[in-house]
Amino acid sequence: MAGPEKDVELGLWGRLMRTKFLPFHTPEVGDEEISAVVETLRSGWLTTGPRVHEFEKAFASYVGAAHAVAVNSCTAALHLALDAIGLREGDEVLVPTMTFAATAEVVLYFKARPILVDCEPDTLNIDPASLERAISPRTRAIIPVHYAGHPCEMDAIREIARSYRLKVIEDAAHALPASYKGQIVGTLGDLACFSFYATKTLCTGEGGMVTTANAKYAERVRMMSLHGISNDAWKRYSAEGSWYYEILTPGFKYNMTDIAAALGLAQLAKCDRMREARRRIAGIYDQGLGRLREIGTPVVRDGVEHAWHLYPMRLELERLRISRAEFIASMRERNIGTSVHFIPLHLHPYYRNTYQYRPQDFPNASDAYERLVSLPIYPAMTSRDAYDVIEAVSDIIDV
Ligand SMILES: Cc1ncc(COP(=O)(O)O)c(C=O)c1O
């Protein structure tokens with residue numbers, strides 16, 4: 001029997017099970033982040049200012065991009081990236097169906113059309129062959145999402161983009177830090193967009209970043225992130241600033257605060273260590289679950305470095321007597337939080353009804369969706385936590 005300080009007790013069928021809930025995610029926020037935020041609060045400068053600029057410089061250098069512009073979400077970053085490439089009403093943008101709402105909705109902001117594309121059956125990243133088939137004379141751009149943190153097949157995607165003169169905007173919401181054939185995600189397209197949402201691999205509560213090698217894009221993103229007013233307008237309340245500014249075009253209110261940037265700087269300093277911690281958890285899962293015929297573990301292709309934002313395993317439903325919903329409910333009963341990434345966009349009422357998409361139009365995503373379960377994976381997890389997850393999964397599929 002477990003000792004009093006242990007988080008397990010004899011549960012169903014006399015097996016040891018957790019008594020303490022293992023959340024699907026908890027952010028890794030320590031004393032460094034708390035001190036950095038408190039220091040900023042005491043500094044007298046709360047919104048966009050020196051911390052944001054420091055964060056942008058440090059982030060650009062970390063991913064090896066010439067420019068980085070901080071914003072208040074990845075959704076804002078994607079919106080501004082599409083604005084920077086000059087997307088117009090009636091244009092089309094190729095977007096994977098296996099993604100979150102944001103990747104496609106930003107296209108609709110322009111009265112342009114997101115064209116959904118099926119995924120590869122193994123990585124669940126956008127499938128280059130399906131991508132090429134979806135191109136029309138109106139196509140302007142591709143937004144590959146590095147799903148779960150596994151980089152997309154960027155050689156094939158960039159080749160298609162070159163042939164058809166399309167822009168590539170990486171949706172790197174899951175992919176910090178990750179790399180493809182030695183090149184860091186964030187430098188693989190015309191622009192890249194990162195998310196610092198609370199569950200992401202670097203979190204600022206809410207936040208995002210645009211990276212690019214193109215100075216004109218960076219300048220446009222920066223200007224549009226703050227009402228379309230002349231650059232450095234943020235300085236107007238500082239000693240070096242001036243009261244004068246000009247509105248060059250109507251923009252948006254997407255700027256990052258110094259409070260968020262202080263948190264971001266502290267997180268960036270431990271980004272590699274946090275990735276190592278997630279990689280370790282993924283390794284434990286691979287070992288423990290890889291031998292189960294009822295479970296499919298995520299693939300990692302040669303030549304990529306995975307960010308391990310998510311660990312999406314798949315249920316081999318043909319070998320099981322329970323449904324995915326029952327599996328998730330049983331994990332919850334065993335005090336383990338899970339999630340599903342994603343309900344593909346073509347299955348949501350808006351996309352289904354507006355564009356008459358059918359599940360069979362996206363066979364790989366539709367099939368994967370039925371089976372997907374994301375397991376907890378974050379630096380605060382101990383090896384024991386990961387073994388508990390494996391034990392719970394093994395237990396449930398054995399029923
Ligand atoms: C693939 C993908 N893109 C974009 C976003 C949007 O990020 P944010 O919440 O920072 O706007 C998310 C958020 O979960 C996401 O998963």
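Some words on the nonpolar core
The biggest cluster of nonpolar side chains holds 49 residues, and the ones touching the most others in it are Leu82, Met98, Val107, Ile169 and Leu191. Where this core is concerned, the elements lending two or more residues are strand E3 (67-71), helix H3 (74-84), strand E4 (92-96), helix H4 (101-108), strand E10 (191-195), helix H7 (215-224), helix H11 (349-355) and helix H12 (363-371). The element best represented in this core is H3, accounting for eight residues. In contact with Met98, not counting residues within four places along its chain, are Cys119, Leu124, Tyr147, His341, Phe342, Pro344, Ala365, Ala368, Tyr369 and Leu372. Grouped together as the second largest cluster of nonpolar side chains are 43 residues, Val52, Val63, Ala178 and Tyr180 included.

A few points about the site of the ligand
Looking at the ligand, there are 16 residues lining it, with Thr75, Asp171, His174, Ser195 and Lys200 nearest. Thr75 is positioned such that a nitrogen or oxygen atom in its side chain is 2.5 Å from an oxygen atom of the ligand. Taking Lys200, its side chain carries an N or O atom lying 2.7 Å from an oxygen atom of the ligand. When isolated, the ligand has an accessible area of 390 Å², and the protein chains bury 92% of it. Elements with a contribution of two residues or more to the shell around the ligand: H3 and H4. Taken together, the residues that form the shell around the ligand break down as seven nonpolar, seven polar and two charged.

Things to note about the sheet that holds strand E9 (residues 183-184)
One open sheet holds the three strands; their spatial order is E9-E8-E13, and the pairing between them is antiparallel. At either end of the open sheet lies a strand with only one pairing partner, and these are E9 and strand E13 (304-305). Across two bridges, the pairing between strand E8 (residues 179-180) and E9 is antiparallel. Across the sheet, residue Ser179 finds its bridge partner in E9, namely Ile184.

Calculation rules
- The residue numbering used here restarts from 1 in each chain and proceeds along that chain's sequence as written.
- Only residues with pLDDT of at least 70 are given local features in this predicted model, and only at 80 or more are side-chain atom pairs given and counted; all residues enter the totals for whole chains, interfaces and linings.
- Only heavy atoms go into the side-chain values, all of them from the structure, while hydrogens and water stay out.
- In this text, buried Ala, Val, Leu, Ile, Met, Phe, Trp, Tyr and Cys residues form a nonpolar core when linked through side-chain atoms within 4.5 Å.
- Per-residue accessibility, obtained with a 1.4 Å probe over protein chains only, is compared with the maximum for each type, and a residue is labelled buried under 20%, exposed over 50%, and partly exposed between these values.
- Under the DSSP-based scheme used, a helix requires at least four consecutive residues in state H or I and a strand at least two consecutive residues in state E, with every element numbered from the N terminus.
- Residues are treated as being in contact if the distance between any of their heavy atoms lies within 4.5 Å.
- Definition of nearness: a residue and a molecule or strand are near each other if at least one heavy atom of the residue lies within 4 Å of the molecule or strand.
- We call two N or O atoms a polar contact when they sit within 3.5 Å, provided that within protein one can donate a hydrogen and the other can accept it, with sequence-adjacent residues counted only if both atoms are side-chain atoms.
- Accessible surface area values rest on a Shrake-Rupley calculation with a 1.4 Å probe, where residue burial reflects the displayed protein chains alone.
- Each residue gets one label: Ala, Val, Leu, Ile, Met, Phe, Trp, Tyr, Cys and Pro are nonpolar, Asp, Glu, Lys and Arg are charged, and the others, such as Gly, are polar.
- Think of it this way: DSSP has to see at least two bridges between two strands before they count as a pair.

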